[in-house]
Amino acid sequence: MDGASPVPIHSADGALAGGQSLKIVSTLKTVARNSLAGVAYATGLSKALRRRSQDSLVVLCYHRVLPEREREAYPMRDLVVTPSMLDAHLDYCCEHYECLPLQEAMAALQSRRANAKPLLTVTFDDGYWDNHEYARPILNGHGVRGTFFVIASLVGSSSAPWYDRLARAVKSLQKSSRQGEWSSDGDDVARQWLRGRCGSQVHQSLSSIMNDAKLLDGGRRQEVVTLACRLAYLEDAASDSQDRIVDRDELAKLADEGHEIGSHTRSHPILTQSTPSELADELAGSKNDLESILARKIVSCCYPNGDHNHTVIEATREAGYKYAVTTASGLNEKTVDPLRLRRISIAQDRLTCLGGGCSRSLLALELSGSAEKILLRRSRGGRA
Ligand SMILES: [Zn+2]
């Protein structure tokens, strides 16, 4: 999610210096990150950490792959990597890891040969069109088969996921010169909700607004999304098409080329808030949907937003899944619960060197599962 705060920072003379200050802070962070990772790489610490993960499975979590211009325009740019960055990441992964789709990697984890390369799986959440357009040829070029978790009800739909529609609408409303006009109009609950978060004089970050929206019940959330899109004039198909999910042909092509397709439920709800019948519909229903499109077994699942508890795990097992991934950060050892797999969330900006390219020393540290400890980084679950 977008971690940048929209609250402007004022310089000593009162002039707005927000953009410049944030850029300086960001550059200093990049220098510090690269220095620490460089030391870890040069002293052999990164290599030792990778060796320590010899008997573990590393599961990477990506979302979207878009060219830089589209990445910049996307409200949640932390969830996007550029094609050239994915290419550089896969160069490194292929050199040091055996890359397999999730179900094959989990089977291989139980029968590791001594001195084999450690195992790694590349996963993509949500199933955006750009996974087919940009990620697929890069993966194929490296001979890497990935695992794509797809929102089943949106396959072939012209509608974007609710969080993309809301994020684009909120961004637009925060910049809108009509803010006073819409925020003083009407008094329904959805409007009050929006007014309290992106009305004039309110400076709530997009990530915080999106987190609040996740806590709404499904019906209320839909009202908020619909109203936000109407107020921001984003009800047209062209707006949704930027964030659409793959269609049936694109999905079939991914599967035919050897990539694994997994379920990301039917409608991307927060499963810990779902009733037993909703859980069955979302988990077993999406499995059936995808199996009938692809005529092959679906055995892997991804919990939306990473949210899971005992009830969700039991419902996942009941629905017939063998493996499920979370957003908890870390590596997976042989003894891992296959329905609580950890992943490493990939954020491009955390893995760049000062020149803007991929930093292999940072990537080495990230994939070792020790980046948070060594870089003193706050643990944060990524969005799934
Ligand atoms: Zn998701």
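See the structure printed just above.
Residues numbered from 1 in each chain as written. Predicted model: local features only at pLDDT ≥ 70, side-chain atom pairs only at ≥ 80, totals over all residues. Heavy atoms only, no water.

Undergrad: Honestly, unusual backbone geometry in this entry has me stumped. Any pointers?
TA: The bulk of non-glycine residues show a negative phi, and the bulk of peptide bonds are trans. Positive phi values are uncommon outside glycine, yet D126 reaches one of about 90 degrees. You can call D126 buried: its relative accessible area is 0%. A positive phi angle, near 55 degrees, is found at A295, a position not held by glycine. You can see A295 is positioned in the loop between α14 (276–294) and β8 (300–302). Using a relative accessible area of 71% as the deciding quantity, one classes A295 as exposed. (Buried < 20%, exposed > 50% of the residue type's maximum accessible area, 1.4 Å probe, protein only. Helix = DSSP H or I, 4+ residues; strand = E, 2+ residues; numbered from the N terminus.)

Undergrad: Which parts of the structure should I look at to understand the side chain of H96?
TA: Within the secondary structure layout, H96 lies in helix α4 (residues 83–96). Judged by relative accessible area, H96 falls into the buried class, the value being 17%. Excluding anything up to four places from it in sequence, H96 contacts R50, K117, P118 and R360. (Contact = heavy atoms within 4.5 Å.)

Undergrad: What is the right way to look at the packing of helix α13 (residues 248–256) against α14 in this model?
TA: Working note: a packed helix pair is described by the angle between its axes plus the distance between those axes. In contact at an axis separation of 10 Å, α13 and α14 are set at 80 degrees when each is read in the N-to-C sense. Relative to α14, the element α13 lies roughly perpendicular. Between α13 and α14, the residues in contact are R248, L251, A252 and A255 and L290, I293 and L294, respectively. The residue inventory of the contact of α13 with α14, partitioned by class, reads 6 nonpolar, no polar and 1 charged. (Axes fitted to C-alpha atoms, helices over the stretch in contact; angles between N-to-C directions. Parallel < 35°, antiparallel > 145°, perpendicular 65-115°, else oblique. Nonpolar A, V, L, I, M, F, W, Y, C, P; charged D, E, K, R; others polar.)

Undergrad: Help me understand the pairing of strand β10 (residues 341–345) in this model?
TA: Within a regular beta strand, the side chains point alternately toward one face of the sheet and then the other, so they alternate between its two faces. Here strand β1 (residues 57–62) pairs with β10 via 2 bridges, running parallel. Note that in β10 the partner of L60 across the bridge is I344. As judged from the 2 bridges shared by strand β9 (residues 323–329) and β10, these two strands associate in the parallel manner. Paired with S329 across the strands is R343, a residue of β10. (Pairing = 2+ DSSP bridges.)

Undergrad: How do you make sense of helix α10 (residues 206–215) when you look at a structure like this?
TA: Residues spaced three or four apart along an α-helix face the same direction, because each turn holds 3.6 residues. The set of residues buried in α10 consists of L206, S207, I209, M210, A213 and K214. Along the axis of α10, the buried residues cluster in a sector spanning 160 degrees; they form a single face. Summarising the contacts, the buried residues of α10 are in contact with α7 (162–175), α9 (189–198) and α11 (218–231). (Arc of directions from axis to C-beta.)

Undergrad: Would you mind going over the state of the cysteines with me for this structure?
TA: Here a disulfide denotes one covalent bond, and it connects the sulfur atoms of two cysteines. A complete count under the given rule lists 0 disulfides for this structure. In this structure C61 is a free cysteine whose sulfur lies 6.7 Å from that of C302, the closest cysteine sulfur available. In this structure C61 comes out as buried when scored by relative accessible area, which is 3%. (Disulfide = S-S within 2.5 Å.)

Undergrad: It is not clear to me how the nonpolar core should be interpreted in this structure. Could you clarify?
TA: Taken as a class, soluble globular proteins show a tendency for nonpolar side chains to be buried jointly. Judged by nonpolar contacts, the single largest core of 91 residues is most densely connected at L60, L86, L120, F124, L166, I261 and L367. With 7 residues, α7 is the largest single contributor of residues to this core. Shared between two domains, this core holds at least three residues of each, these being domain 1 (24–156 + 244–374) and domain 2 (162–241). The residues contacting F124, other than those within four sequence positions of it, are Y62, H63, V65, L86, N131, A135, L139, T147, F148 and F149. Membership of the second largest hydrophobic core comes to 15 residues, among which are V59, L102, A105 and V299. (Core = buried A, V, L, I, M, F, W, Y, C linked by side-chain atoms within 4.5 Å. Domains from an automatic or database assignment.)

Undergrad: Teacher, can you tell me more about the packing of aromatic side chains here?
TA: When we look at a pair of aromatic rings, we describe it by the centre distance and by the angle of the planes. Per the stated rule, a full pass over the model turns up 4 aromatic pairs. Ring geometry for F124 versus F148: centroids 4.9 Å apart, planes at 10 degrees, classification stacked. In this pair, F124 is assigned in strand β5 (residues 119–126) and F148 in strand β6 (residues 147–150), connecting sequence segments 24 residues apart. Assigned by exposure class, F124 and F148 land together as buried. Through successive ring pairs, a cluster of aromatic residues spans Y62, F124 and F148. The ring of Y128 is capped by R64, whose NZ or CZ atom sits 4.1 Å from the centre of that ring. (Phe/Tyr/Trp six-rings, centres within 6.5 Å; stacked < 30°, edge-to-face > 60°. Lys NZ or Arg CZ within 6 Å of the ring centre and 35° of its normal.)

Undergrad: Just checking my understanding: could you explain the environment of S26 for this structure?
TA: Structurally, the position occupied by S26 is in helix α1 (residues 18–42). Linking S26 and D349, residues 323 residues apart in sequence, is a C-alpha distance of 9.4 Å.

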